[in-house]
Amino acid sequence: MTTTPKRAVVLLSGGLDSATVLAIAKSEGYTPYTLSFSYGQRHAFELEAAKRVAASIGVAEHRTTAIDLRAFGGSALTADIAVPKGRAADEMAHGIPITYVPARNTIFLAFALAWAEVLGASDIFLGVNALDYSGYPDCRLEYIAAFEKMANLATKAGVEGRQALKIHTPLIALTKGQIIARGIELGVNYALTSSCYDPSPTGAPCGQCDSCLLRQKGFRENGLTDPLSP
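Each value, and the rule that gives it
Residues numbered from 1 in each chain as written. Predicted model: local features only at pLDDT ≥ 70, side-chain atom pairs only at ≥ 80, totals over all residues. Heavy atoms only, no water. Pairing = 2+ DSSP bridges. Helix = DSSP H or I, 4+ residues; strand = E, 2+ residues; numbered from the N terminus. Axes fitted to C-alpha atoms, helices over the stretch in contact; angles between N-to-C directions. Contact = heavy atoms within 4.5 Å. Core = buried A, V, L, I, M, F, W, Y, C linked by side-chain atoms within 4.5 Å. Buried < 20%, exposed > 50% of the residue type's maximum accessible area, 1.4 Å probe, protein only. Expected span 1.5 Å × (residues − 1). Arc of directions from axis to C-beta. Polar contact = N/O pair within 3.5 Å; in protein donor to acceptor, adjacent residues only side chain to side chain.

(A) Geometry of the sheet that holds strand β1 (residues 6–11). Spatially, 5 strands are ordered β3-β2-β1-β4-β5 in an open sheet, and the strand pairing comes out parallel. Two strands in the sheet have a free side with no partner beyond their single neighbour: β3 (61–66) and β5 (166–168). Neighbour-to-neighbour, the strand axes of this sheet turn through a mean angle of 25°, independent of strand direction. Sheet strands touched by helix α2 (residues 46–57): β2 (30–38) and β3. Its angle to β2, the strand with the most contacts, is close to 170°.

(B) The pairing of β3, seen in detail. As paired strands, β2 and β3 are joined by 6 bridges and run parallel to one another. By the bridge assignment for β3, Ser36 is matched with Thr64.

(C) Structural view of the nonpolar core. Ranked by size, the top nonpolar core spans 36 residues in total, and within it Val9, Leu11, Tyr39, Leu109 and Ile124 carry the most contacts. Of all the secondary-structure elements, those providing two or more residues to this core are β1, β2, α4 (104–119) and α5 (141–154). Excluding residues that lie within four positions of it along the chain, Leu109 makes contacts with Leu11, Ile124, Leu126, Tyr143, Phe147 and Ile167. Counting residues in each nonpolar core, the second largest holds 23 residues, with Val53, Ile57, Ile179 and Ile180 among its members.

(D) Structural context of α5. For α5, built from 14 residues, the straight-helix expectation of 20 Å at 1.5 Å per residue is met to within 8% by its first-to-last C-alpha distance of 20 Å. Among the residues of α5, those classed as buried are Tyr143, Ile144, Phe147, Glu148 and Ala151. All buried residues of α5 lie within an arc of 135° about the axis, which places them on one face of the element. Of the exposed residues in α5, those oriented more than 90 degrees away from the buried face are Glu142, Lys149 and Leu153. Those residues of α5 hidden inside the fold are in contact with α4 and β5.

(E) Inspection of unusual backbone geometry at higher detail. The phi dihedral of Ala103 falls on the positive side, at around 60°, and the residue is not glycine. Mapping Ala103 onto the fold places it in the loop between α3 (89–92) and α4. The partly exposed category is assigned to Ala103, whose relative accessible area is 34%.

(F) Representation of the side chain of Ser18 within the structure. Turning to its location among the elements, Ser18 is positioned in helix α1 (residues 16–27). A residue is classified by how much of its surface remains accessible, and Ser18, at 6% relative accessible area, is buried. In terms of polar contacts, Ser18 uses its side chain to reach the backbone amide nitrogen of Ser13, at 3.1 Å. Contacts of Ser18, omitting those with residues within four sequence positions, involve Leu11, Leu12 and Ser13.

Function cannot be read off these values alone, since they describe shape.
Structure, rendered in structure tokens:
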């Protein structure tokens, strides 16, 4: 007797968190369809990393969708605004950082919802984390729950009872160290990922942006050296 594979759309940026989420989805028996976005981000090198991660872990299909959020700007990732460097942990813990991209997760989840409906999938995996970036409004459990409720009202498949969408956020309450430990347990090759907000043209991490510093801290907490460290 054959069973229908459980399909899931996994948002894959190419960074450490999303690579771990993809490995988790795979370990839970889902057939992953990965979705990345070329949205005008200054760290577009992450898209090459996403392809490497998808190939390494194994997915049914990987797609990159182009949407230009530079049209709105308002973020150090999509406008000519300096990326903060060398911030202490207590600085990162207060306020909404300028690396926040307006409505980004809402836009990304809307695309994921559309693809999930076409695939006949009822599961979306997302690597949001409420501990490291407590200031990001679209990384909170309340936001995820609200989007999930909306999503189940918004599609033909939902209205007809063919889809009961679930948004999985397995990293939301984990520290970066815990995320890395889980990924290593699942065999994630973090040398393939890219986390830096302001990498060199060759993709080398700056080592000083919030994302780089948190990543380094996570590896140190595991007694390890970041494989991307020079």
